[in-house]
Amino acid sequence: MDFLHFLEEEEEGSEISEHSTYVETLSVADASEVAEEKREDSSDLSIEEYALLSIYLSFADAERSFTTIKGADLYREACKLVGVIPVSYFMRNMEEPVMNLNHHGLGPKGTKAIAIALVSNTTITRLELEDNWILAEGTTYLVQMLRENCYIQEMNISHNHLNKDGAEAICRMFYHNISNIRSIRLAGNDFRDEAAPYFSESLIANYRVIELDLSYNEFTEKAGELFGQVLANNESLEILNLSWNHLRLKGATALSAGLKTNGSLKILNLSWNGFGNEGAFALGEALKVNSVLIELDISNNHINNEGAIKLCKGLEMNGSLRILKDPNDSLFSSQMSQNLLTVEGAIALLMSIRKNSKSRMEEINISNVLVNEGFIKLLDLVCEVRPELDIVYGGIGGHIVRNIEHPVDAMKLIQNYLDANKLKPWDFFRSMDKYGKMKIPVAEFRKAMMLQSKIPLKRMQVVDLVHKLDPNRTGYVDYGHYRTEEPVRKSKENEEEEEDEENNEAERWS
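An account of the accompanying structure is given in this report. No experiment lies behind these values; they were computed from the predicted model shown. (Residues numbered from 1 in each chain as written. Predicted model: local features only at pLDDT ≥ 70, side-chain atom pairs only at ≥ 80, totals over all residues. Heavy atoms only, no water.)

### Description of the overall build of the chain
Regarding its fold elements, the chain presents 21 helices and 14 strands. Counting every position in the chain, which comprises 510 residues, the buried fraction comes to 48%. The long-range fraction of contacts in the chain, counting pairs at least 24 apart against all pairs at least 6 apart in sequence, stands at 81%. Summed over its atoms, the accessible surface of the chain is roughly 25300 Å², and 49% of this surface lies on carbon and sulfur atoms. (Helix = DSSP H or I, 4+ residues; strand = E, 2+ residues; numbered from the N terminus. Buried < 20%, exposed > 50% of the residue type's maximum accessible area, 1.4 Å probe, protein only. Contact = heavy atoms within 4.5 Å. Areas by Shrake-Rupley, 256 points an atom, 1.4 Å probe, with all protein chains shown as cover.)

If you want it as structure tokens, here you go:
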């Protein structure tokens, strides 16, 4: 089925809501008659019709309307009608904003029952359905449900074997902007190049989705060219994950061309796509003109020092990129055997930041690269003028960084200062919090600690301090646990009464 035919079918399907309104206006007798006709073959019923007819089939009181049956009751009736066992976790948590049904083995029918119950749900905003063998059939039910449910904004249906037909169903929803979905994860669903035109055409027309995860699929260079068109024309997408595909050089080149004119994308993950040095060059050219992208992941793409130097040409001119890293804490490799970058490439990256007066770079992660003393001296010089910058490297001259002991712990120096000035940690951290949210972005905290003069700290002391205050690498220093309430002072009379009671108790036990 080509994409034009797919759109024509969608136009015909737009009559579903009108038909469901018609079903709702039927008399009880008429609806029961319709139900009996559909009882033998229920595959043609939409989600809305299922929800309505289940009421007439399951309750003796014919005057009970669809609007009075909701929540767990509606779900139970849907399970009876579809022929599946209800999921108790779903019923217990229907009033929570996050519904996590990952790895529950729902299958298409179980998904259909869930979809029926969610048509009228107004509390769930995030739906997790990863690894449930939903298939394309189950995806169709979810799309029908999302026509009516305007509260769900995040949905994860990764690793559900959706294939081409599932991609088609999802893209119908994208093309017509018929849901309030803002974030959707579709990783590992066996999408190949034949599904790429659906995504391309629909995402160009979509203005609602801001986060899309298509990682761990099988898109190749042809699909990469189509996604490049998406970046050139889409005006809403802010986060795109295309990692673990096969985009190669042509795909990276097309995406880079789209980045040159894109005005919305902030986070792009292209790791594990094997586009090599020439792909890095294309991305460098895009970074020269792109002014929106904040985070770029290009790990594990067979990039060596030559490719890093080509990428740096873009970093020398870019004024928006802040983070250059990957989720596994290395820029170009998560294993030393695959790491093609050496200290030469690391110095090139650092020099590109030093040369660029507009640079906003906060973090470069090359944690598998061994550097030398020259790199460390250069890094110290750069951090004097860019105190917010942190470059994570693997070691110095063959010695792993984490094994190097620092003479003075930064927290001890801070505590000594607080004790001398009769201050509390809460007071110290609060002075750096511009927004009063008890969370300070790591880059801002790093900059504040490097610039303050009350407690002299070296760069590595600040680095260690950040690791202690943000051990899970959330990107924020959370100092909320330092907040302590002042103890309520007891009156002298109350203290005397408590002391007498304690003495009396001691006498009774003696």
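Here the narrative resumes, following the displayed structure.
### Examining the packing of helix α19 (residues 442-451) against helix α20 (residues 459-469)
At a minimum axis separation of 10 Å, α19 and α20 run at an interaxial angle of 140°. As the angle between them shows, α19 and α20 are arranged oblique. When you trace α19 past α20, the crossing you get is right-handed. Residue-level contacts link Val442, Phe445, Arg446, Met449 and Met450 of α19 to Arg459, Val462, Leu465, Val466 and Leu469 of α20. Looking at the contact of α19 with α20 residue by residue, the class counts come to eight nonpolar, no polar and two charged. (Axes fitted to C-alpha atoms, helices over the stretch in contact; angles between N-to-C directions. Parallel < 35°, antiparallel > 145°, perpendicular 65-115°, else oblique. Left-handed = near helix turned anticlockwise from the far one by under 90°. Nonpolar A, V, L, I, M, F, W, Y, C, P; charged D, E, K, R; others polar.)

### Some points on the pattern of salt bridges
Summed over the entire model, instances satisfying the criterion amount to 15 salt bridges. Note that Lys355 and Glu316 form a salt bridge whose closest N and O atoms lie 3.7 Å from each other. Placement of Lys355 in helix α15 (residues 343-355) and of Glu316 in the loop between α14 (305-315) and β9 (323-324) is noted, with a sequence separation of 39 residues between them. Classification of Glu316 by relative accessible area gives partly exposed; the value is 26%. (Salt bridge = Lys/Arg side-chain N within 4 Å of Asp/Glu carboxyl O.)

### Concerning unusual backbone geometry
Even without being glycine, Asp131 reaches a positive phi, approximately 55°. With respect to the helices, strands and loops of the structure, Asp131 is situated in the loop between β2 (126-128) and α8 (135-148).

### Comments concerning the nonpolar core
In a soluble, globular protein the nonpolar side chains are often hidden away together inside. Residues Phe90, Ile184, Leu186 and Phe199 are the most contacted members of the largest nonpolar core, which totals 104 residues. Once residues lying within four places of it in the same chain are set aside, the contact partners of Phe90 are Tyr75, Met99, Leu101, Ile114, Ala117 and Leu118. Counting residues in hydrophobic clusters, the runner-up holds 20 residues, among them Ile414, Ile440, Leu457 and Leu465. (Core = buried A, V, L, I, M, F, W, Y, C linked by side-chain atoms within 4.5 Å.)

### Digging into the pairing of strand β11 (residues 390-396)
Burial analysis of β11 places seven of its seven residues in the buried class, which makes it a mostly covered element. Pairing between strand β10 (residues 363-371) and β11: six bridges, direction parallel. Residue Asn365 lies in a different strand from β11, and its bridge partner there is Val392. Regarding the hand of the β-α-β motif, the stretch spanning β10, helix α16 (residues 373-385) and β11 is right-handed. (Pairing = 2+ DSSP bridges. Right-handed = clockwise from strand over helix to strand, strands pointing away.)

### Some points on the packing of aromatic side chains
Per the counting criterion, the structure on display carries twelve aromatic pairs. Relative to Trp244, the ring of Tyr216 has its centre 5.2 Å away and its plane inclined at 10°; by these criteria the two rings are stacked. One end of the pair, Tyr216, is in the loop between β5 (211-213) and α11 (221-233); the other, Trp244, is in the loop between β6 (239-241) and α12 (248-261), with 28 residues separating them in the sequence. You can call Trp244 partly exposed: its relative accessible area is 37%. With a centroid separation of 6.1 Å and 25° between ring planes, the pair formed by Phe429 and Tyr479 is classed as stacked. Of this pair, Phe429 sits in helix α18 (residues 425-430) while Tyr479 sits in the loop between β14 (476-478) and α21 (492-509), placing them 50 residues apart in sequence. For Tyr479, a relative accessible area of 2% puts it in the buried group. (Phe/Tyr/Trp six-rings, centres within 6.5 Å; stacked < 30°, edge-to-face > 60°.)

### Let's talk about helix α9 (residues 163-176)
Because the α-helix completes a turn every 3.6 residues, residues three or four places apart line up on one side. Over its 14 residues, α9 extends 21 Å from the first C-alpha to the last, a length consistent with the 20 Å expected when each residue adds 1.5 Å. Listing the buried residues of α9 in full gives Gly166, Ala167, Glu168, Ala169, Ile170, Cys171, Met173 and Phe174. Asn177 sits one or two positions beyond α9 and adopts a positive phi of about 50°. (Expected span 1.5 Å × (residues − 1).)

### Quick look at the side chain of Asn245
Looking at the element boundaries, Asn245 is found in the loop between β6 and α12. By relative accessible area, Asn245 is classed as buried at 2%. Engagement of the side chain of Asn245 in a polar contact is seen with the backbone nitrogen of Asn217, the distance being 3.4 Å. With near-sequence residues (within four places) excluded, Asn245 lies in contact with Leu214, Ser215, Tyr216, Asn217, Glu218, Phe219, Trp272 and Asn273. (Polar contact = N/O pair within 3.5 Å; in protein donor to acceptor, adjacent residues only side chain to side chain.)

### Some details on the pairing of β10
Of all nine residues that make up β10, seven are buried, and the element is covered over most of its length. Sheet topology places β9 next to β10; two bridges connect them, and they run parallel. Counted as the bridge partner of Ile323 is Glu363 from β10.

### Regarding the environment of Ala136
The topology assignment puts Ala136 in helix α8. Not counting chain neighbours up to four residues away, the residues in contact with Ala136 comprise His161, Leu162, Asp165 and Gly166.

### With respect to helix α17 (residues 410-420)
When α17 is considered as a whole, its buried residues turn out to be Ala410, Ile414, Tyr417 and Leu418. The buried residues of α17 occupy one face: seen down the axis, they fall within an arc of 100°. Those residues of α17 that are exposed and aimed more than 90 degrees away from the buried face are Lys412 and Ala420. In the core, the buried residues of α17 are packed alongside α18, α19 and α20. Near the N-terminus of α17, the side chain that reaches the backbone nitrogen of Met411, with its oxygen 2.9 Å away, is that of Asp409. At the C-terminal side of α17, Lys422 shows a positive phi close to 55°. (Arc of directions from axis to C-beta.)

### Describing the packing of helix α10 (residues 196-205) against α11
As a packed pair, α10 and α11 sit with axes 9 Å apart at the nearest point and diverge in direction by 5°. For the element pair α10 / α11, the angle class is roughly parallel. Contact with α10, carried on its side by Ala196, Pro197, Phe199, Ser200, Leu203 and Ile204, involves Ala223, Leu226, Phe227, Gln229, Val230 and Asn233 of α11 and no other residues of that element. Its residues assigned to classes, the contact of α10 with α11 comprises nine nonpolar, three polar and no charged.

### Focus: the environment of Leu231
With respect to the element layout, Leu231 can be found in helix α11. For the pair Leu231 and Gly263, spaced 32 residues apart in sequence, the C-alpha separation works out to 8.7 Å. Leaving out residues up to four positions away in the same chain, Leu231 has contacts with Leu240, Leu255, Gly258, Leu259, Asn262 and Leu265.

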